[in-house]
Amino acid sequence: MFDYKHAVIYQIWPRSFQDSDRNGIGDLSGIRSRLDYLSDLGIDAIWLSPVYASPNTDYGYDISDYYAVNPEYGTMEDLKLLIREAKERHIAILMDLVANHTSTRHPWFQEALKNPDSPYRDWYIFRKGTVSSPPNNWLSFFGVSAWQKAEDDMWYLTLYTEQQADLNWRCPEVRKEIAKIVNFYLDLGVEGFRLDTINTIDKDPDFPSQNPEKKGLQFPGNLVLDRPMVKQWLKELEEESWGRRDAFALGEGVMTTEASVKEYCGNGKPLQMMFQFDTVCLGYGELGKYDPRKLYLITNQQFKQVTRKWMTAQQRDHTWLGNYLSNHDHKRHLDRFGNDGKYRVRSAEMLALYNFTLYGTPFIYQGEEIAMTNPKLKKQDWRDYEAFHSSKAMTEILHIPPFLAEKITSFVDRDNARTPMQWSDQKNAGFTEGVPWIQVNPDYPAWNVKSEQADPDSVLNFYQALIRLHHEHEALCTGSWRELIPDHPHVLAYVRENEEERLTVILNLSRHAQKAVLPENEIVPSEDLLTSTVPRALTAEMKLLPYEAHLFLHRKHHS
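Structure report, in brief. Because the structure is predicted, anything quoted here is derived from the model rather than measured.

About the criteria used
Residues numbered from 1 in each chain as written. Predicted model: local features only at pLDDT ≥ 70, side-chain atom pairs only at ≥ 80, totals over all residues. Heavy atoms only, no water. Helix = DSSP H or I, 4+ residues; strand = E, 2+ residues; numbered from the N terminus. Buried < 20%, exposed > 50% of the residue type's maximum accessible area, 1.4 Å probe, protein only. Areas by Shrake-Rupley, 256 points an atom, 1.4 Å probe, with all protein chains shown as cover. Lys, Arg positive; Asp, Glu negative; His and termini not counted. Charge placed at Lys NZ, Arg CZ, Asp CG, Glu CD. Expected span 1.5 Å × (residues − 1). Contact = heavy atoms within 4.5 Å. Pairing = 2+ DSSP bridges. Phe/Tyr/Trp six-rings, centres within 6.5 Å; stacked < 30°, edge-to-face > 60°. Lys NZ or Arg CZ within 6 Å of the ring centre and 35° of its normal.

### Quick look at the overall build of the protein
Logical step 1: Summing up its helical and strand segments, the protein has 15 helices and 22 strands in all.
Logical step 2: Overall, the protein is about 75 × 55 × 55 Å in size when its C-alpha atoms are taken along their principal axes.
Logical step 3: Burial status across the protein gives 62% buried among its 559 residues.
Logical step 4: Total accessible area on the protein stands at roughly 21400 Å², and carbon and sulfur atoms take up 50% of it.
Logical step 5: For the protein, the distance from the average position of its 63 positive side-chain charges to the average position of its 79 negative side-chain charges is 3 Å.

### Brief notes about helix α11 (residues 385-397)
For an α-helix, the turn length of 3.6 residues means that residues three or four places apart are oriented alike.
Logical step 1: Counted at 1.5 Å a residue, the expected span for α11 with its 13 residues is 18 Å, and the 18 Å between its end C-alpha atoms agrees.
Logical step 2: Looking at α11, one finds that the buried residues are Y385, E386, A387, S390, S391, A393 and M394.
Logical step 3: Next to the buried residues of α11 lie α12 (402-412).
Logical step 4: After α11 finishes, the residue H399 shows a positive phi value of roughly 60°.

### Some details on the sheet that holds strand β5 (residues 92-98)
Logical step 1: Sheet architecture is open: 8 strands sit in the order β13-β12-β11-β5-β2-β1-β15-β14, paired in parallel fashion. Edge positions in the sheet fall to β13 (273-275) and β14 (322-323), since each of these pairs with one other strand and no more.
Logical step 2: Relative to β5, strand β2 (residues 45-48) runs parallel, the two sharing 4 bridges. Bridge pairing links I46 to I93 in β5.

### Digging into the packing of aromatic side chains
Logical step 1: If you walk through the whole model with that rule in mind, you get 41 aromatic pairs.
Logical step 2: An angle of 85° between the planes, with centres 5.1 Å apart, marks the rings of Y37 and W423 as edge-to-face. Within this pair, whereas Y37 is found in helix α2 (residues 35-41), its partner W423 is found in the loop between α12 and α13 (449-453), the two being separated by 386 residues in sequence. The two residues Y37 and W423 agree in class, both being buried.
Logical step 3: Here W382 and F388 contribute two aromatic rings whose centre-to-centre distance is 5.4 Å and whose plane-to-plane angle is 65°, an arrangement assigned as edge-to-face.
Logical step 4: Relative accessible area serves as the criterion here: at 3%, W382 is assigned to the buried category.
Logical step 5: By relative accessible area, which is 35% here, F388 ends up partly exposed.
Logical step 6: Its end group placed over the ring of W320, K5 keeps NZ or CZ at 4.8 Å from the ring centre.
Logical step 7: Here the guanidinium or amino end of R344 rests over the ring plane of W447, the centre of that ring lying 3.7 Å away.

Right, here's the structure in full:
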């Protein structure tokens, strides 16, 4: 199996990585042209966001053919070449499997919609309501009704966009087909999968309304999340696909809990790894990123508490997380947890050191290794379905004035994380010789791969050093995690340790200088392996500059 506990995984959102044919859209040949860059960076695997045939309502997460590549990205032959050429560089390809829903343009759904007597009708979730009202009051993840009308009093479920029809996992034929899809890509040489929103595949079979005493649409919550059959169906899928092939499986669990992660991953469980959402959802209101009622404010204590919760849970429950700060579903992390102004470099390096020294596997989202930031796109530059619909939902559900809803959307919009990769200071950041499908961040002349490769003190070179250290030190991969000063409001300090070595991590999460007093018995002779400032000794009293970070190594001597 792909050695996920010792790996560094790099997420590529193909549309914005590299264009090879001048149409302004990233593609598979473009990714192949950058494999040497990724190999030099030192990564072990690419998580490839969806490249399947899709009408692009949700940019590949609405699949119309699981066995074909989106022509915008190339052909199946291009995918095979990418898998082969990546493997030649010792880089695994992990596919993104979207199994909760398909596009409403998928032939399965079209047949189900056209013919109520078709066997495919049972592949989706159709329920009776009335001619004018859906079966219940469920709110979709994107802020509209979760039901779309089929005919007369019949409706079908769409928990995400209106163009993504939920599959009925209670139908055995659906589960067999998903296993067939997994095996098809394993046969191509793919080494694992990230399973999109996999904890929503089991819905309450009675489809009751949520909080029926309340007016308006209600988020279904426990009626669709982490329900009893998820684990059973995942185990069945494992036994029919990746389990028998010794391949890797990672689950995305929407709003997942420690208890549910324990159900899905670990020894004898169907998945090897899970993602948690608590870190990236800090500062969001109850309804998610488009709920501004917490004003998007994050305290360093909250950041520390979430870290402590999940590091403790993994060791206690023998589970394993993929650790990340940015991905395609959330704006970039630098201005959320760090500083994209005066301390852009130092805070980017501090956060990288944090993510790479946690218990679990570190993930890099394309561009974070050069400290890419959020351009806060104006409405005319939005491309994401979620932005338009959630902006409207803020007004309809939270009664936020349209002008303010637009500002909030520009602040949190996923498009911020999807602007093109910044390769050079040339036109369009070296991403395309055509017209880019979405605006390039205007700061690319100063922040790009080429310029950072030439600067030994760049964020990019810091990431290369981190990846190398992660590979060299077993304690950073499988050693225990233990916090040192939990009550400090702004400094996060912890130890990664095994029988051979002890690594002490000191992070100032704040834009202000801080003093941290460490327990005397925790001070051991140490080498400063990596820092966001200048090397220094590990002492009981540490006076830290804004966003100062250190990784100290102590080698144990055995008689």
